[in-house]
Amino acid sequence: PSIGDFFGESLSRAIFDGDVEYRENRLTGDGTPAVRVTRANQLEANLAEGLSKLETARFFGQVMFEGGAITAESEQAVYAVDNGDLELSTIDEVGTVPRLVDQRGSLQADTITVALNGSTIDAVGNVRSILTINGADDSAGITRPSLLVGDRPVYVTAESFAYDRTRRVAVY
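Rules behind the numbers
Residues numbered from 1 in each chain as written. Predicted model: local features only at pLDDT ≥ 70, side-chain atom pairs only at ≥ 80, totals over all residues. Heavy atoms only, no water. Helix = DSSP H or I, 4+ residues; strand = E, 2+ residues; numbered from the N terminus. Contact = heavy atoms within 4.5 Å. Polar contact = N/O pair within 3.5 Å; in protein donor to acceptor, adjacent residues only side chain to side chain. Salt bridge = Lys/Arg side-chain N within 4 Å of Asp/Glu carboxyl O. Buried < 20%, exposed > 50% of the residue type's maximum accessible area, 1.4 Å probe, protein only.

**Some points on the environment of Val171**
Tracing the backbone through its elements, the reader meets Val171 in strand β11 (residues 169-171). Here the alpha-carbon distance between Val171 and Phe161, two residues 10 residues apart in the chain, equals 5.6 Å. Among all residues touching Val171, those that are not within four sequence positions of it are Ser160, Phe161 and Ala162.

As C-alpha cells, this is what we get:
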C-alpha cells in the first residue's frame, strides 16, 4: 500500500513548524544536478491526490532561499513546484522586504517573482535595485549594461521591474 492509502485521499495539506528546511535536488536543462534549499519558520505544503507530489510550498517567517547563483529572503514565499516560480512577499509592513541577489546585483520590492530556471524576474512596488559587476563572469555570457563603468554600482528605483533572459532585456 502507498502512503496515500494509509492516510486516505482527503489529506491534501501538511504544515511543518519551527526551523523548517526544504531541500530539492533537480537536474538542470543540461543534466547537471542543482540543489535548492529554503529555510523558514513554517512550511505549508499543498499536496496532490494521495500524497503523490508536492504542488505548492508556502513558507512563512524569516524565509531564506539558496539555489545556484541566486539567494533570496522575505517574510513569506510561495513556490509553485510544477512551473518553478518562486514568489517573495511581505506579510505586513514591518516584515522582511523581499530581496533577491545574484551575480549581477540585488533587487528589492514589495513582491518579487522569479522563474528558478532563470528565464524571468518580475518585481512590483517600491523596486530598489543595485547593479554591480562584482562576481559577474564574462565567460558565463553575462552582458553588463553600458551604464556600468569600472567597479561603481548603479542604483535604480522604480515601481516595477521585468527581466526576460530570452530577449536579454530588463525594463524598469
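Once you've had a look at it, read on.
**Looking at the side chain of Ser129**
Among the structural elements, Ser129 can be located in strand β9 (residues 120-131). Among the polar contacts made by the side chain of Ser129, one reaches the side chain of Tyr172 at a distance of 2.8 Å.

**Overview of the pattern of salt bridges**
Note on pairing: side chains with opposite charge can pair once their charged atoms come close. For the structure shown, the criterion picks out nine salt bridges. Between Glu44 and Arg13 there is a salt bridge, with its nearest N and O atoms 3.7 Å apart. Of this pair, Glu44 sits in strand β2 (residues 33-47) while Arg13 is found in strand β1 (residues 13-27), placing the two residues 31 residues apart along the sequence. One salt bridge connects Asp164 with Arg167, and the closest N-O pair in it is separated by 4.0 Å. Its relative accessible area of 57% is what places Arg167 among the exposed residues. Residues joined by salt bridges that share partners form a network here, namely Glu21, Arg23, Arg39 and Glu66.

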